[in-house]
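For reference, the chains in residue letters:
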Amino acid sequence: PHAQGWLKFMYMKTTSADLDDWSLEGSGPHDWWDAKTNPPMCSFARFDLHESSYAVLMMADKTPAWREVYTKVMDGLALRYATHWGAGDFLNQFGDDPKRSEYPLVWKNFIVPADTFRSYNAPGWTANGKGKFPDGRPAGVQADPIEAEGMLFFKGWILLVMSIYSYVSGDDKYMKPWHMANVAGLSKEWTLPRVAEHLEMQWSQRPCGLH
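Residues numbered from 1 in each chain as written. Predicted model: local features only at pLDDT ≥ 70, side-chain atom pairs only at ≥ 80, totals over all residues. Heavy atoms only, no water.

Enquirer: It is not clear to me how the pattern of salt bridges should be interpreted in this structure. Could you clarify?
Expert: Opposite charge on two side chains allows them to pair when their charged atoms are near. This structure, assessed with the given rule, holds 10 salt bridges. Notably, a salt bridge pairs K13 with D48, separated by 3.3 Å at the nearest N-O pair. One end of the pair, K13, is in helix 1 (residues 2-15); the other, D48, is in helix 2 (residues 45-62), and 35 residues separate them in sequence. Both residues of the pair, K13 and D48, belong to the buried class. Here the salt bridges do not stand alone but share partners, grouping D96, R100 and K130 into one network. (Salt bridge = Lys/Arg side-chain N within 4 Å of Asp/Glu carboxyl O. Helix = DSSP H or I, 4+ residues; strand = E, 2+ residues; numbered from the N terminus. Buried < 20%, exposed > 50% of the residue type's maximum accessible area, 1.4 Å probe, protein only.)

So this is what it looks like as structure tokens:
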């Protein structure tokens, strides 16, 4: 009963587009998407998207007769990942954190090293504009979170969520072109294979890996 109740709630969350607009112009994620747990790293609504997808994947293997329901839920999760608020940190956090002088003391030497506390950005502040190309040149503010020199976790999770959709549904929807929200309401076209190829290329350019 608990699992069925959770699935019913997830279905409502992912199919209620009239209550939940993740675009730049929209009202933003509904409060039922968790954007509060585990700050400063995980307190973004998109974490609720990929973390919910794990349970849907297991449920789909257990009860494949409900594939149509699981497909709608996974599509709702994947669609939101490519929106403005899916990448809300990268599309809104430019340069250094203007509030780092206000970081709570509990973060000292736990989240931020003691010797740089309140003078160094905490994990979770994406700092669009501070990245560098592999040769060390400043990348400046970048429009696209997938193309960017950084945002490893975002690229990995959008690949995961869209891949789970493909596995659960048997549909190649995200293998075909879709649009990723960019800075200032713009967008760029991607396919799931191109995202994977781009991420692999970025890793191969950096012996220490992508941040």
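The structure having been displayed, the exposition proceeds.
Enquirer: How do you make sense of the packing of helix 4 (residues 152-169) against helix 5 (residues 192-204) when you look at a structure like this?
Expert: Geometrically, a packed helix pair is captured by the angle between its two axes and the distance between the axes. Where helix 4 meets helix 5, the closest approach of the two axes is 10 Å, and the angle between their N-to-C directions is 150°. By the angle between their axes, helix 4 is roughly antiparallel relative to helix 5. The hand of the helix 4/helix 5 crossing is left-handed. In contact with L152, K155, G156, I158, L159, M162, S163 and S166 of helix 4, helix 5 contributes L192, V195, A196, H198, L199, Q202 and W203. A breakdown of the residues in the contact of helix 4 with helix 5 according to their chemical character gives nine nonpolar, five polar and one charged. (Axes fitted to C-alpha atoms, helices over the stretch in contact; angles between N-to-C directions. Parallel < 35°, antiparallel > 145°, perpendicular 65-115°, else oblique. Left-handed = near helix turned anticlockwise from the far one by under 90°. Contact = heavy atoms within 4.5 Å. Nonpolar A, V, L, I, M, F, W, Y, C, P; charged D, E, K, R; others polar.)

Enquirer: Mind showing me how you'd approach the layout of surface pockets here?
Expert: Rolling a probe over the atoms, with the probe sized like a water molecule, indicates the empty space that remains. Volume-wise, the largest pocket comes out at about 510 Å³. Contributing to the lining of the largest pocket are 23 residues, with A122, W125, T126, A127 and H211 lying nearest its centre. The residue makeup of the lining of the largest pocket, split by class, is 10 nonpolar, 10 polar and three charged. A volume near 160 Å³ is recorded for the second largest pocket. Lining the second largest pocket are 13 residues, and of these P40, Q93, D97, W107 and W125 sit closest to its centre. For the lining of the second largest pocket, the residue count by class is eight nonpolar, three polar and two charged. (1 Å grid on protein atoms, 1.4 Å probe; cavity = no way out; pocket = protein on both sides within 12 Å on 5 of 7 lines; lining within 4 Å. Points joined across faces, edges and corners; volume = space filled by probe spheres on them.)

Enquirer: When you look at the packing of aromatic side chains in this model, what are you seeing that I'm missing?
Expert: One pair of aromatic rings is described through two measures. These are the centre distance and the angle between the planes. Under the counting rule described, the total for this entry stands at 10 aromatic pairs. Each ring, one from F47 and one from F153, has its centre 6.4 Å from the other, and the planes form 65°; the classification is edge-to-face. Taken together, the residues span a long stretch of sequence, with F47 in helix 2 and F153 in helix 4 at a distance of 106 residues. You can call F153 partly exposed: its relative accessible area is 31%. Judged by centre distance (5.2 Å) and plane angle (65°), the rings of F47 and W157 are edge-to-face. Remark: W157 occurs in helix 4 and F47 occurs in helix 2; sequence separation between them is 110 residues. By the ring-pair criterion, three or more aromatic residues cluster together here, those being F44, F47, F153 and W157. (Phe/Tyr/Trp six-rings, centres within 6.5 Å; stacked < 30°, edge-to-face > 60°.)

Keep in mind these values describe shape, not function.
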